[in-house]
Amino acid sequence: MIGQRLTMVAHVERNQATGKDAWNMPAIDFAPHAQVPCFAYSKSAADVVDGKKSVTVQNLRMMFALGIDVREGDQIAKITDRSGATILIPGPLRIEGAVEYKHNHQEAALVRVA
């Protein structure tokens, strides 16, 4: 049922590093993990204006099938169409917070990595 809705592909990366870096922070080394059928959408968007600056803040979410190995902290390199030819949402994006389990799919909040 949910499979018909999953019209995009998320290129998921996972941190493979262990240990600490030169500044004693957790080491980071994202490597390709999986290509996951998904559907990404903006739940809401708002313009924030502060003097001469303005930005658009989006609540970006992604849904994918049950049983897919995607977890908090994974990174999305890009989201493409099914063929992989067209990049629909450029990355990197990080999965923020716990993956939510729904009755027929999973959902995750995404934030842009600067």
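Residue indices begin from 1 for each chain and proceed along its sequence in written order. Residue-level local features of this predicted model are given only where pLDDT is at least 70; pairs of side-chain atoms are given and counted only at 80 or more, and the full residue set underlies all totals for whole chains, interfaces and linings. Only hydrogens and water are set aside; all other atoms, that is, all heavy atoms of the structure, feed into the side-chain values.

Explanation requested: the environment of asparagine 104 in the structure shown.
Strands here are runs of E lasting at least two residues and helices are runs of H or I lasting at least four, both read from the DSSP assignment and numbered beginning at the N terminus. By the element assignment, asparagine 104 lies in the loop between β5 (87–101) and β6 (106–112). Burial status follows relative accessibility: with a 1.4 Å probe on protein chains alone, a residue under 20% of its type maximum counts as buried, one over 50% as exposed, and anything between as partly exposed. The exposure class of asparagine 104 is partly exposed, given its relative accessible area of 24%. Taking the C-alpha atoms as reference points, asparagine 104 and arginine 61, separated by 43 residues in sequence, lie 16 Å from one another. We call two N or O atoms a polar contact when they sit within 3.5 Å, provided that within protein one can donate a hydrogen and the other can accept it, with sequence-adjacent residues counted only if both atoms are side-chain atoms. At a separation of 2.7 Å, a polar atom in the side chain of asparagine 104 contacts the side chain of histidine 105.

Help me out: how do you make sense of the pairing of β5 in this one?
Within a regular beta strand, the side chains point alternately toward one face of the sheet and then the other, so they alternate between its two faces. Bridge analysis of strand β4 (residues 75–81) against β5 gives 5 bridges, and the strand direction is antiparallel. In the sheet register, isoleucine 79 faces β5, and the bridge partner there is isoleucine 89. Linkage of β4 to β5, two consecutive antiparallel strands, is achieved through a turn of 5 residues, within which glycine 84 is found at a positive phi near 85 degrees. For two strands to be treated as a pair, DSSP must find no fewer than two bridges joining them. Bridge analysis of β5 against β6 gives 6 bridges, and the strand direction is antiparallel. Bridge pairing links arginine 94 to valine 111 in β6. What sits between β5 and β6 in their antiparallel hairpin is a turn of 4 residues.

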